[in-house]
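Each chain, written out:
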Amino acid sequence: MITKYRELFNSQFSTEKYEQFKEDIASDFDYAPTFRIGETPFFISNELKSQLIEGCNEVIAFIQRKDFKELTNKALELNKKVPNEDNHTHFIAIDFGICEENGVVIPKLIEVQGFPSLFNYQNNLFEKFKTHYPFLKSLSPFIKPMTNEEYLANLTQVICQHHPKENVVLLEIEPEKQNTKIDFYYCKRDLGINIVCVTEVIKKGNQLFYLNENGEAILIKRIYNRVIFDELDLRPDLHLNFSFTDKLDVEWAGHPNWFFRISKFILPMLKGKYFIETTLLSELKSIPQDLENYVLKPLFSFSGSGVVYHVKREDIEAIADKELYILQKKVSYLPILQAPDDKIKVEIRMLCTWNNKEESPKILCNLVRLSRGEMIGVKYNQDKDWVGGTIGLFENET
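S.K.: Hey, could you go over the layout of surface pockets for me, with residue numbers and the actual values?
M.R.: Reported here for the second largest pocket is a volume of approximately 160 Å³. Lining the second largest pocket are Lys188, Asn194, Ile195, Val196, Glu200, Tyr210, Leu211, Asn212 and Glu213. At 3 residues, the largest contribution of residues to the lining of the second largest pocket is made by strand S6 (residues 194-197).

S.K.: Talk me through empty space enclosed by the protein; I want residue IDs and the actual numbers.
M.R.: Where empty space is left can be seen by rolling a probe of water-molecule size over the atoms. One pass over the structure, following the stated rule, counts 3 cavities of 30 Å³ or more. For the lining of the largest cavity, the element with the most residues is strand S3 (residues 104-113), which contributes 3 residues. In terms of residue class, the lining of the largest cavity is built from 6 nonpolar, 3 polar and 2 charged. Reported here for the second largest cavity is a volume of approximately 40 Å³. As for the second largest cavity, its lining consists of Lys49, Ser140, Phe142, Ile143, Lys144, Pro145, Glu395, Asn396 and Glu397. In terms of residue class, the lining of the second largest cavity is built from 3 nonpolar, 2 polar and 4 charged.

S.K.: Provide a residue-level description of the pattern of salt bridges, including the pertinent values.
M.R.: Under the criterion given, the structure shown has 31 salt bridges. A salt bridge links Glu174 to Arg235, with the nearest nitrogen and oxygen atoms 3.0 Å apart. Of this pair, Glu174 sits in the loop between strand S5 (168-172) and helix H7 (181-191) while Arg235 sits in the loop between helix H8 (229-233) and strand S11 (251-253), and the two are 61 residues apart along the sequence. Residue Arg235 is classed as partly exposed on the basis of its relative accessible area, which comes to 21%. Linked through salt bridges whose partners overlap, the residues forming this network are Asp24, Asp28, Lys128, Arg189 and Asp190.

S.K.: Could you give me a rundown of the sheet that holds S5, with the residues and numbers involved?
M.R.: Across the sheet, 4 strands lie side by side as S6-S5-S10-S11; this open sheet has parallel pairing. Unpaired on one side and paired on the other, S6 and S11 mark the two borders of the sheet. Between one strand and the next, the sheet's axes are offset by a mean angle of 35°, whatever the strand orientation. Bridging between S5 and strand S10 (residues 222-225) involves 4 bridges; their strand directions are parallel. Paired with Leu171 across the two strands is Asn225, which belongs to S10. Running at roughly 135° to S6, H7 makes contact with S5, S6 and S10 of the sheet.

Reading guide: rules and limits
- Residues numbered from 1 in each chain as written.
- Predicted model: local features only at pLDDT ≥ 70, side-chain atom pairs only at ≥ 80, totals over all residues.
- Heavy atoms only, no water.
- 1 Å grid on protein atoms, 1.4 Å probe; cavity = no way out; pocket = protein on both sides within 12 Å on 5 of 7 lines; lining within 4 Å.
- Points joined across faces, edges and corners; volume = space filled by probe spheres on them.
- Helix = DSSP H or I, 4+ residues; strand = E, 2+ residues; numbered from the N terminus.
- Nonpolar A, V, L, I, M, F, W, Y, C, P; charged D, E, K, R; others polar.
- Salt bridge = Lys/Arg side-chain N within 4 Å of Asp/Glu carboxyl O.
- Buried < 20%, exposed > 50% of the residue type's maximum accessible area, 1.4 Å probe, protein only.
- Pairing = 2+ DSSP bridges.
- Axes fitted to C-alpha atoms, helices over the stretch in contact; angles between N-to-C directions.
- Contact = heavy atoms within 4.5 Å.

Put into structure tokens, the structure is as follows:
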């Protein structure tokens, strides 16, 4: 999108340099991420940046509506309702596909999640890119001018609030087996927060504890929640000493209820130029004749699981609980990032935090996924290069 940086990056790129870049990332924890790391950042023009901010602000305005909880209570009725819900989410991830509409480049909202993403990995990824491509120091992954130290201070405040770090844990299902575990490693290193598996939590009365490295039981006062209930429900083999639905004396950094409230559940309610025509299946008056122009999606799945891209009438008719699915118009992703051999499709996830001391969420940074496949995602990009996870960079404000 910014020609001078694209040409400069491509002229400096080599396969050997890419391998060194990946080795640099792996060296931090003697661990190479299991997801594919994209070869290049995405250089975002000021015009596209303005569109992304406008689209994010429209989503945020909807989430800040006084009747938002009333509008989304049904999402909790369809899932587990966890007690002690707070007034607002602490995290929002807003996914835009970079598309073409009437010959014009425009971001289109694909999904929105009230759940944390790779906040700790992304800023470190930028640092690695700068090491191997020093000219990138003139760019930034942050929406507003911010140092890495300021970024981490904001993240610490949102996750820990006023609690000592030893009383805050990152909670996940078998974190050592997760594709995103490098994000957990950076979180522990940069923020000083311990990583705890759900099976390691000890319940005493209505309080939760974990064992530190010395075997001492440490009170958990706040949970940085990375647990997806979809995944938990598929693991009946796991023995938990507590239930998420218990009334617990604990705070949440990312209360589980917000995963359901801020989800594909709200997509049918969003109207505007950045939003896609979306219908809840239970409200679908008739099945469209041109199903080739639609995607069928479960409301509360994660990482693209359960999505039907080539929809057939029988796919819709076979769904018993139609309140749990949406039918969404397909959009035309625009191959826009110039690789050495071809152009690549791009999806941008804008990452927001919402500190308890702030009236509104803060749009912080981003995550980018590159694709040559029909859809964005690893399984659609097997054995391809210049695809995978990366970061978007903006020109610094003057």
